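The residues making up each chain are set out below.
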Amino acid sequence: MSRYESVLDLIGDTPLLDVSSLSPNRRVQILAKLEGNNPGGSVKDRAAKGMIEEAEKDGSLRPGQVILESSSGNTGAALAMIARVKGYPIKIVLPENVSPERRQLLEVWGAEIINSPGEEGSNGAMRRAQKLAEEHPDWWFTYQYGNPANPKAHYEGTGPEIWRDCPEVTHFVAGLGTAGTLMGVGRFLKERNPQVQVWAVEPPVGEMVDGLKNLDEGFVPPVFSDGGGYELLDRKKIVGPKESIEWTRKLADVGVFAGISSGAAMAGAAKCAAEIDEGVIVVVIADGGWKYLSTNAWTGDLDEVTERARKVIYF
Amino acid sequence: MSVVRVPTVLRAATGGQATVKASGATVGEVFDDLVEQYPSLRPQVLDDDGALHRHLNVFLNDDDIRYIGRLDAKVGDEDTITLMPAVAGGAA
């Protein structure tokens, strides 16, 4: 079907593209799930739609109520698009050091942006939003890090789509942020085939984001800890900005214009392919490259671009 | 000797050093050597039962040790161990 009543019906059912020519092991196939094809431009459309519609259903979100969330961009943009369509006012707590396009996109959808200090990163934005939510109990706080509707959207959408299109999958690789994608898809795939391995990819915590007084101020998303993430994951790899950008460029070699966190996920998929003997990897390409053009990730000198990337939040 | 990278939040315990050296054949042994050299690090990285602090991620090269044997993960001489706080979202 290619005729739709609402843009929200365009969310999900994204294509799976064979990018095995980038695999370092010819016995390992790599398939990329192109989430940039969602109407809001990222995988976060799924969680945003799931969280909003779940809250509408259980009555915690009422017509005209203010939606509040902290986001480094993609969740904010997805929520703001849906809020605009459905007529909710929305406020997004955004770290100052996101790429300018992420900010512009929120403005496109009419979100009110509340800045949080760049050196506190997403962690600081989340704390600020939690405080605002306490001060304004009349606002509806989405809280993507702890909202069960986030992984549920992937358990009911992304996971079944992957299983439908690639039942031979042996490894699932995705970036770890709220853990919604990994938990939802990982759980679904393991229920179908317990042999499926789930690998997470994380960016390093930058020095500048490291503004904690002590480790007790750290944070593990409840979506991950309460959802049994430690048991569900099989591996977790850290991928730095240089490698992320290198793999973002390699994705462009096969015509995939992806964001920098997708380069990180692809680097993780390549590490996985190199370590296993044979298999079929499905990797999530979380968003397109549009919001990162200002970083010159594709065309600039690799070391200069990497240095710049250390100062912006791209995950 | 392995290189251990220490995040800002723990550097008071290492006299401000961002990287220190410690030896051991497993991550646990490297930790033992580390907290012997820098005793004030111990209560920050390990809980009372000797398990990892829940907000501390430890990477052996690029692998989170929680999924490769935790403190029993084998360490080679050329390996780098990176201590990293667990926080919401990342930034490079």
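Just so it is clear, the model here is predicted, and its values are computed rather than measured.

A. Representation of the overall build of chain A within the structure. Helix and strand counts for chain A stand at 11 helices and 10 strands. Over its C-alpha trace chain A gives a radius of gyration of 18 Å, about what one expects of a compact globule, namely 20 Å for 315 residues. For chain A, the C-alpha atoms occupy an extent of roughly 55 × 45 × 40 Å along the three principal directions. In chain A, buried positions account for 54% of the 315 residues.

B. Expanded view of helix α1 (residues 44-58) of chain A. Residues and elements named next belong to chain A. The end-to-end C-alpha distance of α1 is 21 Å, a good match for the 21 Å that 15 residues give at a rise of 1.5 Å each. Every buried residue belonging to α1 is among Lys44, Asp45, Arg46, Ala47, Ala48, Lys49, Gly50, Met51 and Ile52, and all of these are buried. Residues of α1 that are buried sit in contact with α2 (74-86), α5 (149-165) and α6 (180-192).

C. Expanded view of the confidence of the model for chain B. Here chain B shows a mean pLDDT of 92. Residues at 70 or above account for 97%. Within chain B, helix α2 (residues 42-45) of chain B has the poorest average pLDDT of any element, 90, and strand β4 (residues 63-64) of chain B the best, 98.

D. Quick peek at the pairing of strand β3 (residues 67-70) of chain A. Residue and element names in this part refer to chain A. With burial as the criterion, each face of β3 is covered, one bearing Ile67 and Glu69 and the other bearing Leu68 and Ser70. For the segment spanning β3, α2 and strand β4 (residues 90-95), crossover handedness is right-handed. Where β3 lies against strand β6 (residues 140-141), two bridges are found, and the strand directions are parallel. Residue pairing for β6: Ile67 is matched across the bridge by Trp140.

E. Quick peek at the environment of Glu243 of chain A. All names here are of chain A. Summarising the element assignment, Glu243 is placed in helix α9 (residues 241-253). A residue is classified by how many C-beta atoms lie within 10 Å of it, and Glu243, with 19 of them, is partly exposed. The spacing of Glu243 and Ile260 is 17 residues in sequence and 9.7 Å in space, taken between C-alpha atoms.

F. Looking closely at unusual backbone geometry. All names here are of chain B. Of note in this structure, Asn61 is not a glycine but carries a positive phi near 55°. Turning to its location among the elements, Asn61 is positioned in the loop between β3 (56-60) and β4. The class of Asn61 is partly exposed, set by 13 C-beta atoms lying within 10 Å. Unusually for a residue other than glycine, Arg70 sits at a positive phi of about 50°.

G. Focus on the sheet that holds β6 of chain A. Residues and elements named next belong to chain A. Ordered in space as β5-β4-β3-β6, the four strands form an open sheet in which the pairing is parallel. The sheet is open, and its two borders are formed by β5 (112-116) and β6, each paired with just one other strand. The pairing of β4 with β5 spans five bridges and is parallel. Directly across from Ile92, in β5, lies its bridge partner Ile113.

H. Just α2 of chain A, in detail. Residues and elements named next belong to chain A. Counted at 1.5 Å a residue, the expected span for α2 with its 13 residues is 18 Å, and the 18 Å between its end C-alpha atoms agrees. Burial analysis of α2 places 10 of its 13 residues in the buried class, which makes it a mostly covered element. All of the buried residues along α2 are Asn74, Thr75, Gly76, Ala77, Ala78, Leu79, Ala80, Met81, Ile82 and Ala83. Where α2 is buried, its residues contact α1, β3, β4 and α3 (100-108). One or two residues past the end of α2 sits Gly87, with phi positive at roughly 85°.

I. Molecular detail of the pairing of strand β10 (residues 279-285) of chain A. Residues and elements named next belong to chain A. With five of seven residues buried, β10 lies mostly within the body of the structure. Pairing geometry for strand β2 (residues 28-34) and β10, over seven bridges, is parallel. Directly across from Ala32, in β10, lies its bridge partner Val283.

J. Summary view of the packing of α5 of chain A against α6 of chain A. Residue and element names in this part refer to chain A. Contact pair α5 / α6: the axes reach a minimum separation of 7 Å and the direction vectors enclose 50°. With respect to α6, the axis of α5 lies oblique. Classified by chirality, the crossing of α6 by α5 is right-handed. Across from Asn150, Pro151, Lys152, Ala153, His154, Tyr155, Thr158, Gly159, Pro160, Ile162 and Trp163 in α5, the residues of α6 making contact are Gly180, Thr181, Met183, Gly184, Val185, Arg187, Phe188, Leu189 and Arg192. Among the residues forming the contact of α5 with α6, the class breakdown is 10 nonpolar, seven polar and three charged.

K. Examining the packing of α9 of chain A against helix α10 (residues 260-275) of chain A more closely. All names here are of chain A. For the pair α9 and α10, the least separation of the axes is 7 Å and the interaxial angle reads 90°. Classed by the angle they form, the pair α9 and α10 counts as roughly perpendicular. Between α9 and α10, the contacting residues are Glu243, Ser244, Ile245, Trp247, Thr248 and Leu251 on the first element and Ile260, Ser262, Gly263, Ala264, Met266, Ala267 and Ala270 on the second.

L. Highlighting the interface of chain B and chain A. Facing the 23 residues of chain B at the interface are 37 residues of chain A. Elements with a minimum of two residues in the side of chain B that touches chain A: β3, β4 and β5 (80-85) of chain B. Looking at the side of chain B that touches chain A residue by residue, the classes come out as 12 nonpolar, six polar and five charged.

M. Expanded view of the nonpolar core. All names here are of chain A. Of all hydrophobic cores here, the largest spans 116 residues; its most connected members are Val173, Ala265, Ala269, Ile281 and Val283. Here this core takes nine residues from α10, the largest share from any one element. Sequence-distant contacts of Val283, defined by excluding residues within four places in its chain, comprise Ile30, Ala32, Lys33, Val173, Ala174, Ala265, Met266 and Ala269.

Calculation rules
Residues numbered from 1 in each chain as written. Chains lettered and ligands numbered in written order. Predicted model: local features only at pLDDT ≥ 70, side-chain atom pairs only at ≥ 80, totals over all residues. Helix = DSSP H or I, 4+ residues; strand = E, 2+ residues; numbered from the N terminus. Rg over C-alpha atoms; globule rule 2.2 N^0.38 Å. Buried ≥ 20, exposed ≤ 12 C-beta atoms within 10 Å, placed from the backbone. Expected span 1.5 Å × (residues − 1). Contact = placed C-beta atoms within 7 Å. pLDDT = per-residue confidence, 0-100. Right-handed = clockwise from strand over helix to strand, strands pointing away. Pairing = 2+ DSSP bridges. Axes fitted to C-alpha atoms, helices over the stretch in contact; angles between N-to-C directions. Parallel < 35°, antiparallel > 145°, perpendicular 65-115°, else oblique. Left-handed = near helix turned anticlockwise from the far one by under 90°. Nonpolar A, V, L, I, M, F, W, Y, C, P; charged D, E, K, R; others polar. Core = buried A, V, L, I, M, F, W, Y, C linked by C-beta atoms within 7 Å.

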